[in-house]
Amino acid sequence: MDDKNELHHAQAAIQELKDEKYRLESQIQAAGLRESRFVSGKNKAEDDLKRVTAHLTEERILWALDIAEKDRVLAHAKTVQEELERKAVAEAQKVQEWYQTLTVEVETSNAKARANQAELEEQED
């Protein structure tokens with residue numbers, strides 16, 4: 001009977017070991033699936049990060065180009081404004097010179113007219 005009892009215990013122990021083996025294999029499979037999902041999620045997150053980083057880089061480049069264009073336009077506008085101011089000053093000087101020339105001519109003409117008037121008055125006397 002002892003042999004049967006030992007055999008029964010041995011078979012029960014073998015069955016427990018097989019059950020434990022299947023349980024461990026199942027846990028290993030589940031862990032493998034979790035790891036696979038984790039790696040997949042990690043890869044997706046890395047891809048998302050790369051895409052967002054690329055988008056942000058593109059946005060920064062576009063922003064920098066926009067700022068550079070605005071700076072160029074402002075610099076051009078300042079140059080144009082300075083040129084217009086120079087032209088306005090030059091034109092104002094020309095007008096002032098023309099006015100002074102006309103004033104001298106008018107004064108000369110008035111002086112001649114007074115001289116002629118005085119000469120006519122002398123001739124009448």
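Coordinates for the structure precede this section.
These remarks concern the structure in this document. Just so you know, these numbers come straight off a predicted model, no measurement behind them.

Procedures and definitions
- Residues numbered from 1 in each chain as written.
- Predicted model: local features only at pLDDT ≥ 70, side-chain atom pairs only at ≥ 80, totals over all residues.
- Heavy atoms only, no water.
- Helix = DSSP H or I, 4+ residues; strand = E, 2+ residues; numbered from the N terminus.
- Rg over C-alpha atoms; globule rule 2.2 N^0.38 Å.
- Areas by Shrake-Rupley, 256 points an atom, 1.4 Å probe, with all protein chains shown as cover.
- Lys, Arg positive; Asp, Glu negative; His and termini not counted.
- Charge placed at Lys NZ, Arg CZ, Asp CG, Glu CD.
- Patch = residues over 30% accessible without salt bridge, like charges linked within 9 Å, V, L, I, M, F, W, Y side chains within 5 Å.
- Salt bridge = Lys/Arg side-chain N within 4 Å of Asp/Glu carboxyl O.
- Buried < 20%, exposed > 50% of the residue type's maximum accessible area, 1.4 Å probe, protein only.

Here we take up the overall build of the chain. Each helix and strand counted, the chain has one helix and zero strands in total. A compact globule built from 125 residues would reach a C-alpha radius of gyration of about 14 Å, whereas the chain, at 53 Å, exceeds it by more than 25%. Accessible surface computed for the chain: about 11,700 Å², of which carbon and sulfur atoms make up 58%. One way to put it: in the chain the 19 positive side-chain charges average out to a point 14 Å from where the 28 negative ones average out.

On the surface, a nonpolar cluster with roughly 440 Å² of combined accessible area is contributed by V95, W98, Y99 and L102. Among the structural elements, Y99 can be located in helix α1 (residues 2-124).

Below, the discussion takes up the pattern of salt bridges. Applying the stated criterion across every chain yields a total of eight salt bridges. Ionic pairing is found between K21 and E25, a salt bridge with its closest N-O pair at 4.0 Å. Of the two residues, K21 and E25 both sit in helix α1, four residues apart, roughly one turn of that helix. Classification of E25 as partly exposed rests on a relative accessible area of 38%. Where K44 meets D48, a salt bridge forms, and the shortest distance between an N and an O atom there is 3.0 Å. In this pair, K44 and D48 are both assigned in helix α1, four residues apart and thus about one turn of the helix distant. Relative accessible area serves as the criterion here: at 24%, D48 is assigned to the partly exposed category. A single network of salt bridges, built from pairs that share partners, joins K44, D48 and R51.

Our next topic: a negative patch on the surface. Taken together, E119, E121, E122, E124 and D125 make up a surface patch of like negative charges. Tracing the chain through its elements places D125 in the segment after α1. Note on D125: relative accessible area 84%, which makes it exposed.

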